[in-house]
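The lines below spell out each chain.
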Amino acid sequence: MKRLVCAFAAALTLAGVGVGTTGLPAQASRTVSRSETAGVYLVVLRHAPAASYAGGIAGYPATTPAPGRRFDAERPAASMYRSYLLRQQARVLARVGDPLVLYSYTTALDGFAAQLTASQVKTLTTMDDVLLVQPDSVVKVDNALSVPGSRVPDVDTPVGLWRQAGGADKAGRGVVVGVIDTGVSPENPSLAGIPLSSSTLDQSYPGFSGTCQGGVSWTPATCTSKVIAARYFVRGFGRANAAASDYLSPRDGSGHGTSVAAIAAGNRGVDARIAGQDFGHISGMAPAAGLSIYKACWSAPDPARDGCDTADTVKAIDQAVTDGVDVINYSIGGTRSSLGDAVELAFLNAAAAHVFVATSAGNGGPHDGSVQHPSPWVTTVGANTHDVFQGGLRLGDGRTFVGAMLSDRSVGPARLVFAGAAPAHGVSPRRAALCYPHSLDAQRVDGAIVVCNRGVTSRVSKSATVDQSGGSAMVLVNTQPDSVDADLHAVPTVHLDETAGNAVKAYIARQGSSAVGTILANARNATPVPAVARFSGRGPSSVAGGDLLKPDLTATGVAVVSAVAPASSSGQLWDVESGTSVATPHVAGVAAVVRAANLSWTPAEVKSAMMTTAARLQGSNGPETRGAGELDSGSVLRPGLVYDAGLTGWADVLRGEGLDLGGRPGTAAADASQLNQPSISVGDLVGRATVRRTVTNVGSATMTYTVTTRGLRGISRSITPDSLTVAPGRSASFTVALTATRNAAYGRFVTGSLTWRDATGHTVSSPVAVRPELASVPAEVTGSGRAGSTVVDALAGVTGTLRATTSGLVGASPLPLSLRPTGFDPQHPTTSPGTAMETLTVRAGSRAARFQVSSRQPGDDVDLYVYRGDRLVASATDGSGDETLTLTAPSAGRYRIYVNANRAAAATAHTTFTSWVLPRADQGNLTLIPSALGVSGGERFAVRAHWSGLSRARRWWGYIAYRGLPSVTYVTITPR
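Residues numbered from 1 in each chain as written. Predicted model: local features only at pLDDT ≥ 70, side-chain atom pairs only at ≥ 80, totals over all residues. Heavy atoms only, no water.

Some words on the packing of aromatic side chains
- Under the counting rule described, the total for this entry stands at 16 aromatic pairs.
- With centroids separated by 6.2 Å and ring planes inclined at 65°, the aromatic side chains of Trp377 and Trp650 adopt a geometry described as edge-to-face. Taken together, the positions of Trp377 in the loop between strand S16 (356-360) and strand S17 (379-384) and Trp650 in helix H15 (residues 647-656) put the pair 273 residues apart, joining distant regions of the chain. There is no split in this pair, since Trp377 and Trp650 are both buried.
- Stacked on the ring of Tyr970, the Lys or Arg Arg850 has its end atom at 5.1 Å from the ring centre.
- For the cation-ring pair, Arg896 lies above Tyr867, with the distance from its terminal atom to the ring centre recorded as 5.3 Å. (Phe/Tyr/Trp six-rings, centres within 6.5 Å; stacked < 30°, edge-to-face > 60°. Helix = DSSP H or I, 4+ residues; strand = E, 2+ residues; numbered from the N terminus. Buried < 20%, exposed > 50% of the residue type's maximum accessible area, 1.4 Å probe, protein only. Lys NZ or Arg CZ within 6 Å of the ring centre and 35° of its normal.)

What to know about helix H2 (residues 118-125)
- With 6 of 8 residues buried, H2 is to be regarded as a mostly interior element.
- If you follow the buried residues of H2, they end up packed against strand S3 (39-45), helix H1 (76-95), strand S5 (111-116), strand S6 (130-135), strand S44 (861-868) and strand S47 (893-903). (Contact = heavy atoms within 4.5 Å.)

Regarding unusual backbone geometry
- For the bond from Gly412 to Pro413, the omega torsion is 10°, close enough to zero to count as cis.
- The omega torsion of the bond from Val529 to Pro530 falls at -5°, within 30 degrees of zero and hence cis.
- Mapped onto the secondary structure, Pro530 falls in the loop between strand S24 (516-520) and strand S25 (553-556).
- Backbone geometry places Ser217, a non-glycine residue, at a positive phi of 55°.
- Among the structural elements, Ser217 can be located in the loop between helix H4 (198-204) and strand S9 (227-232).

Structural notes on the side chain of Glu344
- Among the secondary structure elements, Glu344 is positioned in helix H7 (residues 342-352).
- Buried and unpaired, Glu344 has Lys550 as its nearest opposite-charge partner, separated by 7.0 Å.
- A polar atom in the side chain of Glu344 sits 2.6 Å from the side chain of Ser375.
- Excluding residues within four positions of it along the chain, Glu344 makes contact with Thr335, Ser338, Leu339, His373, Pro374, Ser375 and Trp377. (Lys, Arg positive; Asp, Glu negative; His and termini not counted. Salt bridge = Lys/Arg side-chain N within 4 Å of Asp/Glu carboxyl O. Polar contact = N/O pair within 3.5 Å; in protein donor to acceptor, adjacent residues only side chain to side chain.)

As for the state of the cysteines
- Summed over the entire model, instances satisfying the criterion amount to 3 disulfides.
- The partner cysteine of Cys212 in its disulfide is Cys223, sulfur to sulfur 2.0 Å. A torsion of 85° about the S-S bond marks the disulfide between Cys212 and Cys223 as right-handed. Taken as a pair, Cys212 in the loop between H4 and S9 and Cys223 in the loop between H4 and S9 lie far apart in primary sequence, 11 residues in all. (Disulfide = S-S within 2.5 Å.)

Topic: the sheet that holds S25
- Within the open sheet, the 7 strands sit side by side as S9-S12-S8-S15-S16-S17-S25. Their pairing is parallel. If you trace the sheet from one side to the other, it starts and ends with S9 and S25, each paired once. Direction aside, the axes of adjacent strands within the sheet are offset by 25° on average.
- Relative to S17, S16 runs parallel, the two being bridged by 3 bridges. Residue pairing for S17: Thr359 is matched across the bridge by Thr380.
- Here helix H13 (residues 603-612) sits on the sheet and contacts S16, S17 and S25; the angle it forms with S16, its principal contact strand, is near 50°. (Pairing = 2+ DSSP bridges. Axes fitted to C-alpha atoms, helices over the stretch in contact; angles between N-to-C directions.)

Describing the pairing of S17
- For S17, the tally of buried residues reaches 6 of 6 residues, placing the bulk of the element in the interior.
- Taken together, the 4 bridges between S17 and S25 define a ladder with parallel strand orientation. Within S25, the position partnered with Gly382 by the bridge is Thr554.

A word on the pattern of salt bridges
- Using the criterion set out here, one finds 20 salt bridges in the structure.
- Residues Lys295 and Asp246 are paired through a salt bridge, measuring 2.7 Å at the closest nitrogen-oxygen approach. Here Lys295 is found in strand S12 (residues 290-295), whereas its partner Asp246 is found in the loop between S9 and helix H5 (256-265), with 49 residues between them in sequence.
- The network of salt bridges with shared partners includes Lys122, Asp861, Asp863 and Arg903.

Digging into the packing of H7 against H15
- The geometry of H7 relative to H15 is characterised by a closest axis approach of 10 Å and an angle of 160° between their N-to-C directions. The orientation of H7 with respect to H15, classified from their angle, is roughly antiparallel. Contacts from Leu345, Leu348, Ala351 and Ala352 of H7 reach H15 at Leu647, Trp650 and Leu654.
- In terms of residue class, the contact of H7 with H15 is built from 7 nonpolar, no polar and no charged. (Parallel < 35°, antiparallel > 145°, perpendicular 65-115°, else oblique. Nonpolar A, V, L, I, M, F, W, Y, C, P; charged D, E, K, R; others polar.)

Here you go:
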C-alpha cells in the first residue's frame, strides 16, 4: 500500500492517504524532508516499553504495574527488560552507523533521540523494528496570558473535595504529581516545606524512586517535604542555547513552572499580596500531595526561541514514569493532528502504567480546530473564566463604562487626556496614542487619567509609560474587536472594548481640556461566568475523522493568582496568570486527590468522574469548545458511574488510524467512536450509526439509572436499554443509535448530551457531537479501455436528491526512468544518476494535481519530492517503489518534481513517472448516468461513470464531485 507524506504549504490539501508496510503514519515519514546535515530525531521502536510490557518474551516477565501500584523501576524484572530494550536499540543504531544518541527511552517509550542524517532517517523508516521516526522540534509552554478573570476557586466547603477526602491535610496525601515545565522556585511560600530525609520519602511515598539532581543554584538538599524530587533535561535544547538568566538546574528561570506546580499541589491558605494589593488566601488543589519537578523548558537569549525541546520533554515523561509519579501535568504545546506523535505515545504508555496525564488544550482559540493533545488517553483541559476582575470609567457627563481591572484603587475625578493628543517632542501622534515608552509629554499628562490605544507594545508597558510620565491612571482601549484584559499595571488601569473606547475618545474630542473622568475600582456589570475563555483551544479535532471529542473539559484558567519565581517577576512572589497552562494543573491537582482516595481507579475512570460530573458553562458554546463543561471538584469523588478504557481499546483506535503498535493487547482496528469513553463523537454519520458504551458502578449501593438526552437537533436517537440497574463494582452496557433526519445540518457538527440519573442525585452526563454527512463515497475508482464505464458504489446519508459533477479526464504519458540508487538531500535538491527532475506549471484555479511513480521490481524504493519554487510542499517516501501524491486546489506556480531511487532490487531501478493537472474547465470526456441521484438515507446507491475516445498512449485522470459533500472520487483510466 502507498503512504502519502506531506510537508506542505497551507494552501495545499493532500488526498488519498495510505499506509506503508511498516505501519508508519504519514506524519512519521515527514522526517525525510531534512538535509544530510545531522539533526535530532526521535526514533520509536515497536517493542512495548517497560511501563506497558505485559509479558510475552521468553525469560522476561511483565513489568507493567498492577492496578493501584506505581511503576517500580527497581524490580529485577524491570531492570532485565530495560537491558533487553537497550540491546535492541543498539542493534538498530548499529545498522545506521551508530550515530550520536542524546537519550535512550525505555519506560514510556522504547526508542532514542539521536543525531541523524537524512539517509539514516530514510533507512530507519524502512526497518520493520521501527514504529516512528519524528524530527525533533521546540514547542512552547502554553504561556500565561493576562485576561479578565477569576481567583482560584474555593474547594474547602462542606460539600467540597477536601471535606470528602478527609480534610486538607489528606487531600492528595501519598500521591506524587510530576510537573514537566520550566522548573520550580521551591522557596515560594506556596511550595515551602521542611528538609527531606530519605526515610521520610520512603515512608510517605513508598515505591517512588525520584531524586533531587543538583545544578546551578540548586543542591540535592534543596528538595523538601513539598518538592520531593527534581531533575532537568537540556540535551535537546542545548546548554549553549539557554539564556544566562536561566539556571542549568531544576530551578525555575521564568516562573511558569512554579505557577503550575503551586496550582496543582501548593500549600493551603497562603497569603498572597501583589504590589501591595491583598488577594487573600490561595491554595493548591491537592495541598497534601508531593511534587516531582522535571525541567524540560528553557529560556533563550531571544525570547522568541524559548521553549521545550521534544527530545527533552519525552525524556522527562520517561523519567517521571520511571520514578513512579501518579499524576503528570503537561502545560506545554503539542500536536493537533496526530495520535502517532512521540509525546502522545509516551503518554499512552504512562496511562497504561496507571499515571493520570493532564494536558493543556492550547491557547489557539477562538479558532476552530485549534485544540492540542487530541489523544483519548490524556485529559485535555480548556480554560474558563470565573469571578471576573472588573472596574469602570465614569465620564464627566455621568456615563460609566465597565471593563477589566485588577487594581482595587479608585482614581479621580481627574483630567482625562487622550495619549495621541499629548505626544512628546518629536514623537508622532500615532506612536503616542499607543503609549510607546518615552512617547508622552509629561507636562500634559501629569496627574491625568491617560487613554491609550491597544496594540503593538505590551499592555503593561503602556501603563509603565503613563506612570513614568506622571499620569495617575490609564484607560486602555481596543481599536478593534478583541478581548479585554485584567493585568497587573503600574498605575490603576481599566481596559475597555472598542465600542466604549470610541465613546470615550469622542467625549474627549468634544470636551477638550475640560474632559474629566473617574476610575471606579468597584464598578461591575452582568458579565456571565463561568464561560469558556476566548483564547482556549477548541475543536472539532481532525484526528480520527472527528470521532474523538476534545477538549475533555475546562477549568479555571483566567486571572488566577498563583506563585511565581521572584527572579523572573521583579522580585514578586505572586502574579495573576491566565491560559490553559494554569487551567490544566487544576485538573491535575484534583486527579491527585481522587487518586489518593481511590487507589484502584484507572486514569480513564478518574477522567470519567471529572467529565460526567462537570458543571454547565454560560453561553452557547458546544462540547467542541467546552468539552463536558467546567470541572466541579465538589462532585468528582461521587460520580456514581464511570466509563473505563485502557491500552487494549487505545491500541485498537491506533490500529484504526494506521498505527500498529505491534504485539500489544487488542483485537483489531477500531473506529474511535466506539472507544469506551465518557463522550460520544461521530465525525461521519452517514444514515445511521450505533455506538456502544459500558459503565461501572463505583458507588456503595445497587442503583437504577434512567437516561435522557438534550440537543442533537436533526438527529434521531434511541438508547437501549433506557434504564440500567447496576450493583456496586459491576458493569452494564448500552447502545446509542443515531440517525440523521431530513432537517439535519449536514456537514456540520450537531451537539447535545446524554445523561443517566438515579434516585439519589447522581447525574452522569456525557457530551455528544455528531456530524451528519450526505454520503460516504469511495476515494478512488479505476477503469480500462479507450471507451467504457465503471461503477461508483456509495452509501447515502440523506433521503432526497444528490447531484454529482465531473472534472477531467486529463491525459498524461508515463515517462520511463532508469535510476541508479543514490542519496537525496531535500534541503538542496539536485539531479544525479539516481535522481530525475521534471517541471510543471500549475495555472490559477486548477482543481487538483497528481504525481505518481510505479516501479517494475518489488524490491525498489523510489521517492517523490515536490517543490513550488524553492519550497518543499510535499513528499512521498514510504519505502516502496510505488508512490502517489495528490494536491487539491494547488497554488498557481512552477513546480519541480524530483524522483529519487533510494534502493533498487538490481543495479538500476526502472520506473515510470506520470503527472496530471486538472484545470478549472471540465474536459467533457467523463459523464455520469445519472448525474442527479435519488437516494435513501442508510442505503447504498450507484452512479456509472462513462468515457470514450481516449488515447491508448496516455493514462487518464479526473474526479467526481458531489454537491454539498467535501469528499470527491478520483477516477484513473488506463486504456489498453
